[in-house]
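# Structural description and commentary
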Amino acid sequence: MKLLTILVAVIAVVSTVLADEATEAEYRRMSRRCMSKLGTRVKDVEFLIDHQMPTTRAGKCYLACLYEACGLLKDGEFTEETCREWTEKGGMGREMGDDLYQSCHRAVEDTFDRCDLATKLYRCLRDTYLKN
């Protein structure tokens, strides 16, 4: 049950709008794949339940894996292009991608470690979109 709660939290963090059940199932598969690939334990991603920040390297790298799997990061980079492609693919439109990039690019600039970058991006997404 705890893993299911975490998966729901993952979906909320990765996408502000779920287009359909297929999208939700795809995010669940991505999450499981990242956990398996990295050997991430459930306790490493429990922070997602309450929208807290990751406290372990495994949790930070899990976010990077998830963001790369869904296309929000490409080769560990957050760009205007990845934002546009990701929001268009999710049915949120190009303008949402531009807004997302404008809201969060400063938070991650000059961050070269993909896990740290993903954590900073998560903080921005959480603070900008989940609390409004």
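Look up a bit, the structure's there.
The sections below set out a description of the structure shown in this document. Predicted model, so just to flag it, every value in this text is computed and none were measured. (Residues numbered from 1 in each chain as written. Predicted model: local features only at pLDDT ≥ 70, side-chain atom pairs only at ≥ 80, totals over all residues. Heavy atoms only, no water.)

### Let's talk about the side chain of Thr119
Along the polypeptide, Thr119 turns up in helix H7 (residues 114-130). In this structure Thr119 touches Met53, Pro54, Lys60 and Leu63, once residues within four positions along its chain are discounted. (Helix = DSSP H or I, 4+ residues; strand = E, 2+ residues; numbered from the N terminus. Contact = heavy atoms within 4.5 Å.)

### Overview of H7
For H7, spanning 17 residues, the distance from its first C-alpha to its last is 22 Å, which sits close to the expected 24 Å at 1.5 Å a residue. For H7, the full list of buried residues reads Cys115, Leu117, Ala118, Thr119, Leu121, Tyr122, Cys124, Leu125 and Arg126. Near the N-terminus of H7, the side chain that reaches the backbone nitrogen of Cys115, with its oxygen 3.0 Å away, is that of Asp113. (Expected span 1.5 Å × (residues − 1). Buried < 20%, exposed > 50% of the residue type's maximum accessible area, 1.4 Å probe, protein only. Polar contact = N/O pair within 3.5 Å; in protein donor to acceptor, adjacent residues only side chain to side chain.)

### Quick look at the pattern of salt bridges
Proximity of charged atoms lets side chains of opposite charge pair with each other. Considering all chains together, one arrives at 8 salt bridges under this definition. Here Asp113 ties to Arg57 by a salt bridge, and the two come within 2.9 Å at their closest N and O atoms. Residue Asp113 is found in the loop between helix H6 (94-108) and H7, and its partner Arg57 is found in helix H4 (residues 57-70); the two are separated by 56 residues along the sequence. Where Glu68 meets Arg114, a salt bridge forms, and the shortest distance between an N and an O atom there is 2.9 Å. Here Arg114 lies in helix H7 and Glu68 lies in helix H4, a separation of 46 residues in the sequence. On the basis of relative accessibility, which here comes to 26%, the residue Glu68 falls in the partly exposed class. (Salt bridge = Lys/Arg side-chain N within 4 Å of Asp/Glu carboxyl O.)

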